[in-house]
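Examination of the molecular architecture
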Amino acid sequence: MLLEATGLTRRFAPGDAPAVQDVDLGIEESEIFAILGPSGCGKTTTLRLLAGFERPDAGTVRLDGRMLCNADSGPGERFVPPEERSLGFVFQDYALFPHLSVLENAAFGLKGQPDAEARAEDALEKVGLSGLEDRSPHALSGGQQQRVALARALAQRPPVVLLDEPFSGLDALLRQETRDRVRQRFKDAGTTALLVTHDQQEALSFADRVAVMKGGRIEQVGTPEEVYDRPRTLFVAQFLGRTNLLFSEAEGEEAETPLGRLRLSRAAEGQVLLSLRPEHLTLEAAGKQAASPGEVVDRAFKGHDITYRVAHPDGAEYLVHTPSRVTFAEGDEVRIQPQAPAVVLERGDAADLQTGEANFGKAN
Amino acid sequence: MAVGVAVPVVYLVLRALEADPATLADLVWRGQTLRLLGNTVLLTAGVLALTTAISLPMAWLMARTDLPGRRLFSLLGVLPLAVPGYVMAYALMGATGRSGMLATLAGIELPRLSGYAGALLALSFSTFPYLFLNLRAALRGLDPALEEQAQALGMSRGKVFWRVVLPQLRPAFLAGGLLIVLHVLGDFGVVSLMRYDTFSYALYVQYTTSFDRIYAAWLALMLLALTAAVLFAEARLLRGLLYHRAGSGGAARPARRLRLGNIGRWVACLPPTLVAGVAVGLPLAATGFWWLEGSYLAAATVGAGDVLTALADSAAAAAPAAGLAALLAVPVAYLSVRRPSPLTRAAERTAYFGYATPPLAMALALIFFTLRAVPGLYQTLALLVGAYALRFLAEAIGPVRAALYQAPPRLEEAARALGRGPVEAFFATVFPLLRRGLVVSVAFVFLSAMKELPLALLLSPTGFRPLAVSAWGYAEEALFAQAAPFALVIIAFSAAFVGLLLWQEGERKGR
């Protein structure tokens, strides 16, 4: 592990619920890691704890084996201030120094080094800002400011670069493009990066691994495929995209559900909550043999695919995501056909269900 | 800094407690004290009433009607701030009376203004802008939908004003009223020139004419208690007043302006013209008149050298005070913005307390303190500079605070992440952004100190006669011609102060 945290806890006021509670993280060399969660989940605080802007109440932080912070050992407590951690940090609002030129901004962390200017110029060139060295940050577009912030953080060649919602200030079109380009650059240079975001698309497409956070705790860590396809909890299932939820009786590897007998992601017994992503379902024309056909209530054509809303005789509605060549019209009688095992969500989450929408997760 | 404010007050209390209970009862609980309290309260209430009577209709005319020349009138509503109260009093005295300006130029012979009426007029015309500005801003900010809603519910226009508009002006009235009350309680220049017995005036007379300073100490304490009571009442009255728009039904529209009609428009111009004439025109005219009179009466004139000496004396105290206040303002503002805690808030409060404390009480406390604890400081320029810095610290904190909000903490954190220690990070990132605010702070404190009177009067080293002391001294002896050149220079500095204020206001809005 290059950057490792154990048991990180931060409480802003005594008596308050901790903003960050018992967080364990490990980031490998050359890995791009994302912490994903809704606003207020503690993800930015976690990042600031790693950077040293906040002091944890408990836990440790290690960089390449060196102890940066140890709030666990009482008298042997250790805290390395941010300026001695040599981690790169990119702020959400970029925090460019308004009184310094683009070049002076990029060279800020290289003060006193003989080749500071050359290295700053090199860093600016890598982000495609050559020729703008003498401009003031005010005279740059949002995208250019973001690249100066990146160049400034990377110019001192930090072992890990921490990014706090770095793309959220850009408009949608520019965001996608910038994200792709930054990812490519990180991969080419073997940069280790930790990104914090509330945008699940961004986390899934940008990171090698994702940690999903809620209420100060990490709910699940895994590759984008793992957390999306096999969410551990109801929150992860709903936060990463739309999903269909079903209560059913599990009997080992299978369960009896309104959609028929389904294969399960893991063995379980008794009442379970299942998650089925809309794209893991498909539709068939209801043949005469179908015991319980559904009816298409709504369809949204999106070019490459179609989202159907299907009313089932059990009273629930299901979302089904099909390639656009599977076409049905509103009012058609259809049968929902699962194409992947249903994911068994962990117990204890059923209570959450009362507060959320029954059938659909967070809209895309 | 908090120590600088608190310790002298302790000495004031110590000094006051030196009397034995019997003489104390004799000294303090007598008719004189009650009369002073009555006079002080009466003057405060009168000024509040008169400034309201001036400000409310004027603010309404500027904010809610199509009065011609609104911008000019609004400017004229701020300019009186360029005339310190004691200059206003001097102008009123110099304009009236048998040999006054009005009698000489127009043959209108009015008795020379003095006493309650004189103090009331001088204070009201020099302080009403505090209320006018607050009320105008509030009237402009009112959501017109509320008034329309009231009309839709069947209220007449008049009823709407009383039941919807006026109640919403309460926070603005309290804010402006507080400034005026603090001003009146702290005023010394006007009441001394008009010879109207209030706590401040009696305090000064006691201090300068009698050996026994215990009564002076008690008067200062009572004045402080009165100020504290006003601040406390204000805080109580403001609690729970949240009158901003509730809910979000789109953006608020600017208020509808009442059409005054062709004749009404010009008739409505008369009252503001009259107010501006008294508040701005009269002091300029009277000072100018007496200045010219002075040049005829060659014997009585004050030489240019005297004015320059006074100017140099004023600057010798004001310039270092401005630097010191700005220096103190940086850590106070920084800590209260970046590390808000009860302690840092208390530090900032003390700064505002220094502003609210009646200057004579503050001067007396400092005198007792230096005489007892550091006699070497008594009657030195250093003490006067320190007193100015404490008194005007609040003016220095404002601009620094505003500049700090332009420099988010992220900047320092970014510098830390790039390898700079906390102190170095502050000087590399935040400090350069504070420079402009610091210049404004220095200018505010400098200009305020240039026209300050009571502190200068009590704390100046022997032989030190700044502008304000000179102008006041001559005016007090009814030597109006001699006072004129000093008064003119003071008006010029005060006008620069107001210009700076307006410029900064424009900057803030332009951002």
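Throughout what follows, the structure given in this document is the object of discussion. (Residues numbered from 1 in each chain as written. Chains lettered and ligands numbered in written order. Predicted model: local features only at pLDDT ≥ 70, side-chain atom pairs only at ≥ 80, totals over all residues. Heavy atoms only, no water.)

1. Thoughts on the overall build of chain A
Secondary structure assignment for chain A yields 9 helices and 19 strands. Projected onto its principal axes, the C-alpha positions of chain A cover 80 × 50 × 30 Å. Relative to its full complement of 364 residues, chain A shows a buried share of 52%. Expressed as a percentage of contacts within chain A between residues at least 6 apart in sequence, the contacts between residues at least 24 apart total 63%. (Helix = DSSP H or I, 4+ residues; strand = E, 2+ residues; numbered from the N terminus. Buried < 20%, exposed > 50% of the residue type's maximum accessible area, 1.4 Å probe, protein only. Contact = heavy atoms within 4.5 Å.)

2. A closer look at the environment of Ala417(B)
Here Ala417(B) shows up in helix α20 (residues 409-417). Apart from the residues within four sequence positions on either side, Ala417(B) is in contact with Phe53(A), Pro82(A), Leu87(A), Phe89(A) and Gln156(A).

3. Some words on helix α9 (residues 157-168) of chain B
Residue and element names in this part refer to chain B. Its 12 residues place the ends of α9 16 Å apart at the C-alpha level, agreeing with the 16 Å of an ideal helix rising 1.5 Å per residue. Looking only at α9, the buried set comprises Val160, Val164, Val165 and Gln168. Across the axial projection of α9, the buried residues extend over an arc of 85°, all falling on one side. Every exposed residue of α9 that faces more than 90 degrees away from the buried side is listed here: Trp162 and Arg163. Buried residues along α9 sit in contact with α7 (115-141), α8 (144-152) and α10 (170-186). (Expected span 1.5 Å × (residues − 1). Arc of directions from axis to C-beta.)

4. With respect to the sheet that holds strand β6 (residues 78-79) of chain A
Residue and element names in this part refer to chain A. Spatially, the 5 strands line up as an open sheet ordered β2-β1-β4-β5-β6, and their pairing is antiparallel. Two strands bound the open sheet, and with one partner strand each, they are β2 (20-27) and β6. Pairing of strand β1 (residues 3-10) with strand β4 (residues 58-63), which is carried by 5 bridges, proceeds in the antiparallel orientation. Each residue of the ladder has a partner; that of glutamate 4, found in β4, is arginine 62. (Pairing = 2+ DSSP bridges.)

5. Describing the layout of surface pockets
Considering only enclosed or pocket space, the second largest pocket measures out at about 530 Å³ in volume. Lining the second largest pocket are 18 residues, and of these Phe53(A), Tyr334(B), Arg339(B), Glu413(B) and Arg416(B) lie nearest its centre. Among the secondary structure elements, those contributing two or more residues to the lining of the second largest pocket are α16 (304-338), α20 and α21 (422-450) of chain B. Top element by residues in the lining of the second largest pocket is α20(B). It accounts for 5 residues. Looking at the lining of the second largest pocket residue by residue, the class counts come to 8 nonpolar, 1 polar and 9 charged. (1 Å grid on protein atoms, 1.4 Å probe; cavity = no way out; pocket = protein on both sides within 12 Å on 5 of 7 lines; lining within 4 Å. Points joined across faces, edges and corners; volume = space filled by probe spheres on them. Nonpolar A, V, L, I, M, F, W, Y, C, P; charged D, E, K, R; others polar.)

6. Thoughts on α20(B)
Most of α20(B) is tucked away: 7 of the 9 residues are buried. Of all the positions in α20(B), only Leu411(B), Glu412(B), Glu413(B), Ala414(B), Ala415(B), Arg416(B) and Ala417(B) are classed as buried. Packing partners of the buried residues in α20(B) comprise α1 (43-51), β7 (88-90) and α4 (142-155) of chain A together with α16 and α21 of chain B. Backbone geometry just after α20(B) places Gly419(B) at a positive phi near 95°.

7. Some points on unusual backbone geometry
Backbone geometry places Tyr94(A), a non-glycine residue, at a positive phi of 70°. Checked against the element boundaries, Tyr94(A) lands in the loop between β7 and α2 (102-106). Unlike most non-glycine residues, Gln379(B) shows phi in positive territory, near 60°. Here Gln379(B) lies in the loop between α18 (359-372) and α19 (381-405). Here Gln379(B) falls in the partly exposed class, since its relative accessible area comes to 31%.

What is shown is where atoms sit, not what they do.
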